[in-house]
Amino acid sequence: MTRFDRRALLASGAAAALLAATGVSASPARGGRLRAALSPNWFNRAVTATVFDSLTEVAADGTLRGELATAWRSDAAARVWTFDLRDGVVFHDGTRFGPQDVARLPFDIKVTAAHQVEFHLDAPDPNLPYRLAQPGFELRSQAGEGTGLYRVRKLDADRHFVGERFDQHWKRDAGWFEAVDFVQISSENVRFQALVEGLVDVADGVQRRQDMSRDRFIALPNDDDPTHFASRTVTAPMTVGKIWPLDNLRMAERWWTA
């Protein structure tokens, strides 16, 4: 059986390839605040995607990349997976990320080195690295802290989240906003009104109306399914992830102020 091997972008040309893949044609300006009105279905998931990292991530162009893992490989049966972990990562409270934090995921995981773990599966799973990029596999410290690009400044459960940029994050080509502000709004009409009145930059789960002119709003992921919209006060990548709305819920990480 084929040996499975996936590695993160490394060495020459990596930065240029990453910028091209995410649709960034010029250096984004850092600053500003991303404001979003989100339905109950997506509020908590968006907060989680903003505060926490995973071992892998699905980029805006749909490709799989390493996040807190730098490389991974399996045995021939795809039942034992080895993940090499990123060194020098810290949680928002300053504690260091390590293999013991990965071991808290719901798998049979063995720590095999200072920056390496093994997943031992009951059945073959050649798609494990893709699964680990999905919601539900974010990594937390024992105290519940994250390593994401934004740390919690305010959180009213199921209502309101304010995050501030975490300047010790290992990513240097993401997280352009200084702060993000998500509010949960159950009513589609209220989310729509907040968007068209400029109270927020992003709203999910709204239908296009006459008020939503194309020169003011971007339909996401595209005009074939116009239910998620962003104001042109922000810039989104040329392509956005389609597995989850609003660029795989990583809008705070990948977008910037127009």
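Residues numbered from 1 in each chain as written. Predicted model: local features only at pLDDT ≥ 70, side-chain atom pairs only at ≥ 80, totals over all residues. Heavy atoms only, no water.

1. Some points on the layout of surface pockets
In this structure, the second largest pocket spans a volume of roughly 230 Å³. Looking at the second largest pocket, it is lined by 17 residues, and the ones nearest its centre are Ala-49, Ala-133, Pro-135, Glu-138 and Asn-248. Counting only elements with at least two residues in the lining of the second largest pocket, the list comes to α2 (40-51) and β3 (56-58). With 3 residues, the single largest contributor to the lining of the second largest pocket is α2. (1 Å grid on protein atoms, 1.4 Å probe; cavity = no way out; pocket = protein on both sides within 12 Å on 5 of 7 lines; lining within 4 Å. Points joined across faces, edges and corners; volume = space filled by probe spheres on them. Helix = DSSP H or I, 4+ residues; strand = E, 2+ residues; numbered from the N terminus.)

2. Re the sheet that holds strand β12 (residues 202-203)
Taken in spatial order, the 7 strands of this open sheet run β9-β10-β11-β2-β12-β14-β13, and their pairing is mixed. Since the sheet does not close on itself, it has two edges, and those belong to β9 (150-156) and β13 (217-220), each with one partner. Here strand β2 (residues 33-38) runs beside β12; their pairing, made up of 2 bridges, is parallel. Across the sheet, residue Ala-36 finds its bridge partner in β12, namely Val-202. Across the face of the sheet, α2 comes into contact with β2, β9, β10 (160-165) and β11 (179-184) while running at roughly 160 degrees to β11. (Pairing = 2+ DSSP bridges. Contact = heavy atoms within 4.5 Å. Axes fitted to C-alpha atoms, helices over the stretch in contact; angles between N-to-C directions.)

3. Looking at the nonpolar core
Ranked by internal contacts, the top residues of the largest apolar core, which has 29 residues, are Leu-34, Leu-38, Val-180, Phe-182, Val-202, Met-251 and Trp-255. Residue assignment for this core shows that the elements contributing at least two residues are β2, α2, β11, β13 and α7 (251-254). For this core, the element with the highest residue contribution is α2, accounting for 6 residues. Residue contacts for Phe-182: discarding those within four places in its chain leaves Leu-34, Ala-36, Leu-38, Phe-43, Ala-46, Val-47, Thr-50, Arg-159, His-160, Phe-161, Met-251 and Ala-252. Within the second largest apolar cluster, 25 residues are counted, among which are Trp-81, Phe-83, Leu-105 and Leu-132. (Core = buried A, V, L, I, M, F, W, Y, C linked by side-chain atoms within 4.5 Å. Buried < 20%, exposed > 50% of the residue type's maximum accessible area, 1.4 Å probe, protein only.)

4. Regarding helix α5 (residues 188-196)
Along an α-helix, residues three or four apart share an orientation, since each turn contains 3.6 residues. Within the span of α5, buried status applies to Arg-191, Phe-192, Ala-194, Leu-195 and Val-196. Buried residues along α5 sit in contact with β2, β12, β13 and β14 (228-231). At the N-terminal boundary of α5, the capping side chain belongs to Ser-187, with an oxygen 3.3 Å from the backbone nitrogen of Asn-189. Gly-198 sits one or two residues past α5 and shows a positive phi near 80 degrees. (Polar contact = N/O pair within 3.5 Å; in protein donor to acceptor, adjacent residues only side chain to side chain.)

5. Some remarks on the pairing of β11
Note that β2 and β11 share 6 bridges and pair parallel. Bridge pairing in β11 places Leu-34 opposite Val-180. With 5 bridges joining them, β10 and β11 adopt antiparallel strand pairing. Across the sheet, the residue bridging to Phe-161 is Phe-182, located in β11.

6. Points about the side chain of Ser-39
With respect to the helices and strands, Ser-39 occurs in the loop between β2 and α2. Setting aside chain neighbours within four positions, we find Ser-39 in contact with Gln-184, Ile-185, Arg-191 and Asp-204.

7. A look at α2
Compared with the 16 Å implied by 1.5 Å per residue over 12 residues, the 18 Å span of α2 between its first and last C-alpha is a close match. For α2, the set of buried residues is Trp-42, Phe-43, Ala-46, Val-47, Thr-48, Ala-49, Thr-50 and Val-51. Buried residues belonging to α2 abut β2, β9, β10, β11, α6 (245-248) and α7. (Expected span 1.5 Å × (residues − 1).)

8. Some words on the packing of aromatic side chains
A complete count under the given rule lists 7 aromatic pairs for this structure. Taken together, a centroid distance of 5.1 Å and an interplanar angle of 55 degrees make the contact between Phe-83 and Phe-119 tilted. Placement of the pair is Phe-83 in strand β6 (residues 80-85) and Phe-119 in strand β8 (residues 116-120), with a sequence separation of 36 residues. Residue Phe-119 is classed as buried on the basis of its relative accessible area, which comes to 0%. Ring geometry for Phe-91 versus Phe-97: centroids 6.2 Å apart, planes at 65 degrees, classification edge-to-face. Phe-91 gets classed as buried once you look at its relative accessible area, which sits at 1%. Each residue in the set Trp-72, Trp-81, Phe-83, Phe-107, Phe-119 and Phe-137 is aromatic and connected to the rest through ring pairs, giving one cluster. (Phe/Tyr/Trp six-rings, centres within 6.5 Å; stacked < 30°, edge-to-face > 60°.)

9. As for the confidence of the model for the chain
Of all residues in the chain, 87% have pLDDT values of 70 or greater, and the mean over the chain is 87. Here residues 1-25 scores under 50 on pLDDT; set against residues more than four positions off or in separate chains, the count is 35 contacts. (pLDDT = per-residue confidence, 0-100.)

10. Section: the environment of Leu-34
Residue placement: Leu-34 occurs in strand β2. A relative accessible area of 0% means that Leu-34 is categorised as buried. Spatially, the C-alpha atoms of Leu-34 and Ala-252 are 6.8 Å apart, while their sequence positions differ by 218 residues. Leu-34 has contacts with Phe-177, Ala-179, Val-180, Asp-181, Phe-182, Asp-201, Val-202, Val-234, Met-251, Ala-252 and Trp-255, leaving out every residue within four places of it along the chain.

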